[in-house]
Structures are given as C-alpha cells and as structure tokens.
Amino acid sequence: MYVYDEFDRTFIAERAEQFRDQVARRLSGELTEDEFKPLRLMNGVYLQLHAYMLRVAIPYGTLSSTQLRKIAEVGRVYDKGYGHFTTRQNIQFNWIKLSDMPDVLESLAEAGLHAIQTSGNCIRNITTDQWAGVAPDEIEDPRFWAEVLRQWSSLHPEFTFLPRKFKIAIAATPHDRAAIKVHDIGLRLVRNDAGEVGFEVLVGGGLGRSPFLGKFLRDFVPREHLISYLEAILRTYNAHGRRDNIYKARIKILVHEIGVEKLKADVEKEWERIRDGYLKLDDAFLADIRSRFVYPEYEPLEDAPEELKRALAADARFATWHANSVARHREPGYGIVTVSLKPIGKPPGDATSGQLDALADLADTYSAGEIRVGHEQNLALPHVRQKDLYALWRKLDAAGLATPNVNLISDMITCPGLDYCSLANARSIPIATAIAERFADLDKARSVGRLHVNISGCINACGHHHVGHIGILGVEKNDREFYQITLGGKADEDARFGDLLGPAIPYDEVTDTIERIVNRYLDLRQSESELFIDTVKRLGVEPFKEALHAVH
Amino acid sequence: MAHPHQQKLRINGPVVITANRLADGVVIHRTGEGRWSESLDDAQVVRAADEALAALKAAQADGLIAVGPYVAPVEAAASARPGNLREKIRSDGPTFPLPSDAPAAYLPKEAGKVAA
Amino acid sequence: MPYIKKGEVADDPYVRLGGDEPVPTDVPAIVSLEWLLAQAPQSLDSRNVPLGVALPNDKAESLLEPYLPRLSLVALDFPIYRDGRAFTQARRLREAYGFTGEIRASGDVLRDQFLFMVRSGFDAFEVRKDHDAKAFAKALREFSGFYQPSLARDGGFRFRFSPPFSTASKEGESDG
C-alpha cells in the first residue's frame with residue numbers, strides 16, 4: 001500500500017473543492033456545456049444514456065479495505081448499490097447526479113480516492129499488473145513507478161489539453177498482465193547488462209478504430225531519466241499530434257504518419273536538452289516514495305501446508321476453485337487469490353456494495369487489508385496464507401464471489417455497451433451473459449480451457465475486442481444490432497490483433513455462433529493441451545468460417 | 001443513428017426532441033409548450049423536418065435545463081413509443097436486471113443460473 | 001476584452017496589427033509572424049519601442065530564435081481552449097530559449113486554464129469573459145501545492161519537493 005502524506009491528501013481535497021466550484025458555475029449558467037465538458041471529463045464525469053457516470057481511479061490497481069468500503073458506501077448512498085470495474089483499474093458509478101458529484105468527490109477524498117484524469121485529453125490513470133509486488137518473477141514493484149508517474153502527471157501544466165487521451169501502462173514481469181503493447185506508452189521494467197534497472201519504452205499502441213501495437217522507441221531508459229524521457233515524448237506529441245480529426249489524434253496515428261524513427265529523433269533531441277535538468281530523479285526522492293509503500297509482515301511459512309492439502313482432498317468444489325483462482329506468490333506459504341467478478345448470468349465486472357463490503361472484511365481477515373483490481377475486470381486478494389484458503393473460499397462462495405471461471409470462456413472482458421453508453425452502437429452485456437449461460441456448465445468450460453472472449457459495443461473498443469482470443473464487436477445496421485467476430489487476438493507480451501471471421505451476424509445468432517466456434521476448436525485441436533489461441537494460430541481463421549453459418 | 005452529433009435533419013417519420021437534464025442526467029423530452037418532461041407521453045411529436053429543426057433550436061437555448069438535445073425517432077400511436085433500441089433503452093433502462101444485494105440475487109453454486 | 005498583467009486587470013499598451021498594416025514606430029506593437037520573418041533581425045535594432053509577435057500554435061517557436069533578443073512579447077494563441085499546443089510553446093520559450101519577456105495568452109482564454117498557463121510560463125492574458133478576469137487571483141489560489149516542478153516561481157506555489165522531483169536540489173537551482 002502507498003500511504004498518502006499531508007501533501008497528497010491536501011491535493012486531492014483541493015481538487016474536489018475546485019470541481020465543486022466548476023459544477024456550481026455550470027449549474028448557475030456561468031459555464032456553457034461546451035466549456036464545462038472538458039472540465040468534467042478530466043475529473044471522470046461523463047453523461048451517459050440515462051444519467052451521469054463517475055469514473056473513479058484506482059491507482060495501479062491497489063485498494064485498502066477502507067477505500068473499498070468507501071466505494072461501497074458511495075454506491076449505496078449516491079448510486080443504485082453497485083459499481084462497474086473497467087479494464088483500466090477504475091471503477092464506474094452509473095447513476096450519480098451532477099448536483100451530488102461534489103459531495104461524492106469530497107467523500108471519496110476522505111479515503112484518499114479521486115477521479116483525477118480518469119477521462120479527458122490528458123494523461124490518464126497509470127495502470128500496471130494487478131499482481132505487482134507479489135508476483136514471483138518481477139524486476140521490482142512497478143507500482144512504485146506508477147506512483148512516480150501519478151505525481152508527475154497529476155494536473156501537469158503542459159499536458160492537460162493534449163490532442164487526445166494518453167494512456168500509460170507498466171509491466172515488471174516477463175509475462176505482461178498490463179497489456180502494455182496496446183497503450184500510448186508501454187513501459188517494461190528491465191535490467192541492463194550492468195544490472196541497473198531501467199525501462200524499455202514502447203510507443204503508439206492502442207485499440208479503437210485504428211488498432212496499432214506499440215513500437216519500440218528505446219530499449220533502455222535509465223530509471224533516473226524516466227520523467228524527462230516521458231516529458232520529451234509528451235511534448236513532441238502535444239506539439240505535433242493531429243488536432244483536425246478526433247479519430248486521428250492519438251499518438252499512434254502520429255507514429256504511423258511520421259514513422260517511429262522521426263518521432264524518436266524529435267524525442268531524443270528534446271530529451272538531450274532536458275535529461276540532466278530538474279526532472280532528473282535523485283535517490284532521495286525515489287527513497288521517499290519507496291518508503292511510503294508498506295508491505296505486510298510475512299510470516300515464515302511453507303508452501304502446501306497440511307490444512308490446505310486436507311481441504312483440497314476433502315472438498316472437490318474447493319479444489320476446483322483453488323486450481324482455477326489461486327496463483328503462486330513470491331513468498332512461500334502465501335497465495336494470490338483472483339476474485340471473479342464474472343458470476344454466470346451477471347454483468348461482467350459489476351459488484352454490489354454488499355459484495356464490496358464483504359470483500360473488504362475478507363481482505364482485513366485474510367489479505368493484510370489489501371485488494372487489487374486487474375484489467376480483466378476481476379479483483380484479487382494479494383496476500384492470503386495458503387492455510388487460510390479454505391476458510392476464505394467458503395466466505396467468498398457465500399458472497400457469490402467464488403465462480404471458478406478465471407481465464408475460462410465466461411471470464412469475459414465487456415464494455416458497458418448500449419445499455420449504458422452514449423457512444424455505443426450495440427449491447428455488450430446481454431451478449432456476455434448469454435454466452436456465459438450457454439457455458440454455465442463449468443466442467444464443459446474447463447474442458448475448453450483458457451479462452452478469452454472480449455466484447456465491445458462500438459469501434460472505440462473499450463471491451464478490447466481486437467485482443468480477445470474471440471473478439472466480438474457490436475455494429476449497427478439500419479437500427480439493428482450486428483456483431484463482427486474476430487479470432488486469434490491477444491493482449492500479452494505476444495500481443496496481436498484478431499482476424500475477421502466474416503460478415504457481421506445479428507444479435508440473435510451470436511451465442512449459437514460462439515458455441516459453434518468453440519465446438520469447431522474442440523474438433524480441430526491436436527490435443528487437450530492445445531489452447532484455442534494456439535489452434536487459431538496454427539490453422540488461421542479459415543477452418544472456423546463454417547461456424548458463421550447455421551445449419552438449417 | 002446512434003450518435004447524436006451525426007444527425008442531420010432528415011427525418012423519416014415522427015420525432016421528438018430529447019435530452020438529459022443538467023442537474024441529474026435524467027432523460028427528458030420537450031413538450032409542445034416548450035417545457036421538459038420525463039414522460040415521453042408529454043413530448044411534442046413532430047413530423048416535418050423544418051418543425052423539428054425549429055424545436056431543436058429552441059431546445060438548444062435551454063442550456064440550463066437540458067444537455068445535448070437532439071431529434072429522436074418515435075413510433076406514434078395513441079401515445080408515443082421510442083422509435084429505436086437506443087431510445088427504448090433511454091426510456092426503459094438497461095435491458096437486464098441491475099445488480100442488487102437482494103438476497104436471491106447471487107447463488108453460491110458454480111453452475112447456478114441466476115433467476116432474473 | 002480584459003487584459004491581465006502582473007495578476008491584475010491592466011491597460012494593454014500594445015496595438016495588435018493584422019497582416020498588411022504598417023508597423024508604427026512610436027507605440028508598442030504586436031506584429032504577425034509573417035511580417036517578422038520578412039525582416040532581417042538586425043533591422044529591428046533601431047526600433048525604440050517594444051515589439052511583440054503573434055505566434056500561431058502550429059508554428060515552431062524555434063522560428064523566433066534570431067529575433068527573441070529583440071522581442072519584448074510573444075502572444076500565443078488558443079483557437080479553442082481545448083487546443084493546448086501553446087502550453088508547449090510557452091514552456092519551450094522560457095526553458096529552451098530563456099525568453100524573459102511577456103508571454104501572452106490570447107484567443108479562447110478561460111478561467112480554468114489560468115493555473116496551467118501560469119505554471120507553463122504565461123504572464124499576461126487576454127481574457128474572454130469579464131468575470132473570469134475578476135476571478136484571476138482566486139483561480140491561482142485553488143491549490144496550495146503541485147507535484148511537478150515549474151519555472152513559474154513567482155506563482156508562489158508550494159511543491160511536493162523543491163524542486164519537486166529532487167529532494168537534494170536547493171531552491172534557485174535550475175537548468176533554466
């Protein structure tokens with residue numbers, strides 16, 4: 001956990017107070033909607049189909065139990081008793097009144113929570129691995145660097161009116177759980193030959209209308225120069241990114257149009273000028289930030305304790321969940337528990353205030369009071385003693401939070417879609433729940449194995465459809481919902497975009513088609529260990545095309 | 001069309017002027033008297049493009065009440081009904097039950113299909 | 001349109017010229033970039049009253065480099081307030097070129113940009129609305145501190161560290 005000091009707390013409170021004034025000026029008519037919109041967006045407030053939506057940041061995906069209870073309270077008092085976790089370590093409330101927004105932000109600020117730069121054409125909430133600090137193979141805790149970047153980017157004087165939004169993600173392990181290749185800047189912590197820690201920098205990744213994978217900009221930026229290097233990139237982008245067309249304004253288009261070599265030359269020139277100036281990070285600054293990350297005092301424990309072994313042998317449902325939802329921790333005797341927010345038949349990524357309160361209590365008892373949020377729209381308890389796993393599971397199960405479907409077909413990434421979103425062309429959530437219900441028999445889903453289905457309700461790709469093993473994109477034709485299907489995408493270190501299977505299909509045919517695609521895979525796979533994504537990689541989409549056509 | 005900014009004033013049938021209320025975001029519709037109502041029944045239904053454009057312009061002057069007014073299709077029968085899925089969702093809410101802490105909402109069975 | 005200088009509404013001493021007007025030699029003037037670039041830098045040395053230039057936000061501030069010692073003002077433009085290119089121009093004029101004259105914000109200049117502008121190096125403002133101009137001082141007091149370093153030391157801002165990213169450096173040190 002990062003412990004906010006007086007400066008941080010004052011900053012967040014003053015930002016909430018500033019927004020209170022902005023809302024008052026809007027409600028009094030001093031600000032027009034055109035003037036107010038960029039102001040509300042850079043504080044996470046959207047106007048959706050039915051109501052205002054507030055997107056609250058969960059910096060680097062880490063929450064304390066106190067913060068989670070605060071989120072539950074806001075949901076209960078100001079919303080309809082639930083919230084929606086997004087793919088970028090945020091939580092969204094769908095039903096908050098603009099006139100209540102200042103009180104909500106003041107209340108959140110009491111727990112060190114805020115909505116700063118969760119939208120708008122600015123540097124967004126910095127995201128990273130939800131297993132940061134506990135993954136066995138990381139270079140160092142990437143949250144530490146995400147916090148450095150949070151400080152650098154918060155109300156940055158120069159980079160708050162960029163051509164378009166700007167997303168940065170950090171990975172610290174060989175396996176990328178932060179989707180850094182589809183961010184405007186992807187940072188990977190690396191060690192050079194001398195053993196020094198620094199960053200590999202990718203630029204120009206992103207999904208949306210024109211998807212691009214990030215391109216290598218630099219193989220090693222020494223850590224003390226991280227801020228000056230990013231500042232050089234952002235300055236180049238602010239000056240040269242396109243502003244004539246909203247769909248061509250992301251840095252990925254600049255990279256595409258001028259080429260990464262030209263961008264690199266411009267960035268290096270600016271960096272050379274500023275790298276040894278006042279943005280150079282010194283050891284005392286880094287030590288100060290590091291010192292405010294508090295880790296639990298781990299007990300000396302051994303892996304696979306007797307209590308766990310007995311429970312696994314005695315309770316098959318527990319054993320199933322354990323195999324699915326518990327990952328290796330860097331400390332022996334501990335585990336990382338993924339809490340699925342994909343119960344069958346429910347909107348993916350949603351959690352009720354009651355569930356969040358229950359989870360906060362469980363975090364206090366079993367996980368040093370800490371909760372994590374990942375980009376797959378699930379939560380995690382990062383510090384669970386293996387001997388406590390059985391007791392934890394029984395309580396999660398009672399709260400509806402133990403669906404053992406992590407990484408299975410029903411663990412879908414899904415945007416809110418036309419049921420909430422004013423940009424959407426088609427619904428996403430009912431497609432997701434229908435597919436999940438079709439595969440509600442988790443024995444069947446397990447026999448299918450790891451399979452990521454990502455669903456977006458429009459081309460903006462909030463549901464990351466391009467990088468789903470199966471991607472589903474909602475489009476609209478003559479006021480009817482249709483869906484394009486892609487196969488073979490992935491978001492990790494081997495990121496690639498899926499290939500289009502064929503013409504879009506109507507709403508009513510999506511679930512049957514997905515089932516036929518899965519059945520086709522079961523016929524085509526060479527062995528039970530060949531994953532869906534590997535079969536698609538081996539054979540391409542061609543043999544799956546027949547699944548588009550129902551046999552009548 | 002799904003996106004209000006893309007709307008030109010070509011109308012193929014009855015329409016209303018709709019928006020969201022500034023203070024709370026609630027869906028509202030413009031009435032024949034130039035006021036706003038949460039009920040589509042109260043909305044002024046217009047059938048000619050120039051009438052719709054005039055009503056839209058008048059609505060745009062109501063910036064302290066209504067945000068983002070636009071022309072939305074309706075099915076006009078005895079009382080107006082939303083004319084497409086987007087407007088139906090704006091009128092009736094999401095097309096699935098909202099998450100709830102009501103006791104029956106979550107079943108602790110891994111394969112449990114949850115009753116709507 | 002109210003003009004703010006040194007934090008207060010003031011009379012603007014400059015006349016702003018379009019493209020073709022003759023440039024007066026007896027009053028301070030803001031000329032177009034086109035006009036300026038047509039002059040040899042040395043030819044401006046004989047001018048006895050202040051000269052400023054309006055730099056469009058799609059032109060590089062490096063174009064001004066040979067003229068900067070002879071310029072007392074650069075006016076930067078916000079064609080719409082969401083278009084933030086002039087923030088980078090101002091910052092580079094101050095930090096890369098060490099320009100110490102007036103950097104004026106013009107165009108769609110609204111209250112909620114004041115803080116960002118001051119911290120980026122602007123010190124004069126053509127404000128679109130009267131009541132925004134009146135709220136200038138209040139707008140600058142909305143935060144007691146910022147995370148990032150800034151060269152706008154006269155803003156009186158407190159920083160997370162001073163300069164913020166380095167506890168070791170002392171006040172007054174900078175790479176200018």
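Take the overall build of chain C next. Check the secondary structure of chain C and you find five helices and 10 strands. When each of the 176 residues of chain C is scored for burial, the buried share is 56%. At a minimum sequence separation of 6, the contacts of chain C that also span at least 24 residues come to 47%. Approximately 7600 Å² of chain C is accessible, and the part contributed by carbon and sulfur atoms is 51%.

This next bit is on the side chain of Thr 87 of chain A. Residue and element names in this part refer to chain A. Within the secondary structure layout, Thr 87 lies in the loop between β4 (82-85) and β5 (90-96). Thr 87 gets classed as buried once you look at its relative accessible area, which sits at 12%. Not counting chain neighbours up to four residues away, the residues in contact with Thr 87 comprise His 375, Gln 377, Ile 413, Cys 462 and His 464.

This next bit is on the interface of chain A and chain C. Counting residues at the interface gives 50 residues for chain A, matched by 44 residues for chain C. Summed over both partners, the interface of chain A with chain C buries about 4300 Å², with 54% contributed by carbon and sulfur atoms. Across the contact surface, chain A and chain C share nine salt bridges. The closest approach of N and O atoms between Glu 35 of chain A and Lys 129 of chain C, which form a salt bridge, is 2.7 Å.

Each side of the interface is counted separately: chain A has 52 residues, and chain B has 36 residues. Summed over both partners, the interface of chain A with chain B buries about 3500 Å², with 59% contributed by carbon and sulfur atoms. Looking at the side of chain A facing chain B, the largest losses of area belong to Leu 49, His 50 and Lys 346 of chain A, adding up to 16% of the total buried there. In this assembly, chain A and chain B are joined by zero salt bridges. For the pair chain A and chain B, the number of links is 11 residue pairs in polar contact (both at pLDDT 80 or more). Secondary-structure elements contributing two or more residues to the side of chain A that touches chain B are α1 (6-27), β5, α11 (316-325), β13 (350-352), α12 (353-366), α13 (389-398), α14 (429-438) and α15 (442-448) of chain A.

Moving on to the packing of α1 of chain A against helix α4 (residues 101-110) of chain A. When two helices pack together, their arrangement is given by the angle between their axes and by how far apart the axes lie. All names here are of chain A. Direction vectors running N to C along α1 and α4 enclose 180°, while the axes themselves pass 9 Å from each other. As judged from the angle between their axes, α1 and α4 are roughly antiparallel. On α4, the residues touching Ile 12, Ala 13, Ala 16, Phe 19, Arg 20 and Val 23 of α1 are Met 101, Pro 102, Asp 103, Leu 105, Glu 106 and Ala 109. Split into classes, the residues belonging to the contact of α1 with α4 amount to nine nonpolar, no polar and three charged.

Residues and elements named next belong to chain C. With respect to the helices and strands, Pro 28 occurs in the loop between β3 (15-16) and β4 (29-32). You can call Pro 28 buried: its relative accessible area is 15%. Taking the C-alpha atoms as reference points, Pro 28 and Glu 61, separated by 33 residues in sequence, lie 21 Å from one another. Look past the residues within four positions of Pro 28 in its chain and what remains in contact with it is Pro 13, Tyr 14, Val 15, Arg 47, Val 49 and Pro 50.

So, about the pattern of salt bridges. Residue and element names in this part refer to chain B. For the coordinates displayed, the defined rule picks out 80 salt bridges over all chains. Linking Arg 81 and Asp 92 is a salt bridge whose minimum nitrogen-to-oxygen distance equals 3.6 Å. Of this pair, Arg 81 sits in strand β5 (residues 80-82) while Asp 92 sits in helix α2 (residues 85-92), and the two are 11 residues apart along the sequence. Residue class for Arg 81 comes out partly exposed when judged on its relative accessible area of 39%.

This part is about the sheet that holds β5 of chain B. Residue and element names in this part refer to chain B. With antiparallel pairing, five strands are arranged side by side in an open sheet as β3-β2-β1-β4-β5. Each edge of the open sheet carries a strand with a single partner, namely β3 (36-37) and β5. Alignment of strand β2 (residues 27-30) against β3, held across two bridges, turns out to be antiparallel. The residue bridging Arg 30 from the neighbouring strand is Trp 36, located in β3.

Quick look at the pairing of β4 of chain C now. Residues and elements named next belong to chain C. Pairing geometry for β3 and β4, over two bridges, is parallel. Among the inter-strand pairings, Val 15 is bridged to a residue of β4, identified as Ala 29. With four bridges connecting them, β4 and strand β5 (residues 51-55) associate as parallel partners. Paired with Ala 29 across the two strands is Leu 51, which belongs to β5.

Here the focus is the packing of aromatic side chains. In this structure the tally under the stated criterion is 31 aromatic pairs over all chains. Between the aromatic rings of Phe 318 of chain A and Trp 393 of chain A, the centroid separation amounts to 5.7 Å while the plane-to-plane angle is 55°, which identifies the pairing as tilted. Highlighted residues: Phe 318 of chain A in helix α11 and Trp 393 of chain A in helix α13, separated in sequence by 75 residues. Considered together, Phe 318 of chain A and Trp 393 of chain A belong to a single accessibility category, that of buried residues. Ring centres 5.5 Å apart and planes at 40° place the aromatic pair Phe 143 of chain C and Phe 146 of chain C in the tilted group.

Next up on the list: the confidence of the model for chain B. Confidence in the prediction for chain B averages 84 pLDDT; 81% of positions are at 70 or higher. Every residue in residues 1-7 of chain B is under pLDDT 50, and counting partners more than four places away or in other chains gives 16 contacts.

So, how was this worked out
Residues numbered from 1 in each chain as written. Chains lettered and ligands numbered in written order. Predicted model: local features only at pLDDT ≥ 70, side-chain atom pairs only at ≥ 80, totals over all residues. Heavy atoms only, no water. Helix = DSSP H or I, 4+ residues; strand = E, 2+ residues; numbered from the N terminus. Buried < 20%, exposed > 50% of the residue type's maximum accessible area, 1.4 Å probe, protein only. Contact = heavy atoms within 4.5 Å. Areas by Shrake-Rupley, 256 points an atom, 1.4 Å probe, with all protein chains shown as cover. Buried area = accessible area lost by both parts, 1.4 Å probe. Salt bridge = Lys/Arg side-chain N within 4 Å of Asp/Glu carboxyl O. Polar contact = N/O pair within 3.5 Å; in protein donor to acceptor, adjacent residues only side chain to side chain. Axes fitted to C-alpha atoms, helices over the stretch in contact; angles between N-to-C directions. Parallel < 35°, antiparallel > 145°, perpendicular 65-115°, else oblique. Nonpolar A, V, L, I, M, F, W, Y, C, P; charged D, E, K, R; others polar. Pairing = 2+ DSSP bridges. Phe/Tyr/Trp six-rings, centres within 6.5 Å; stacked < 30°, edge-to-face > 60°. pLDDT = per-residue confidence, 0-100.

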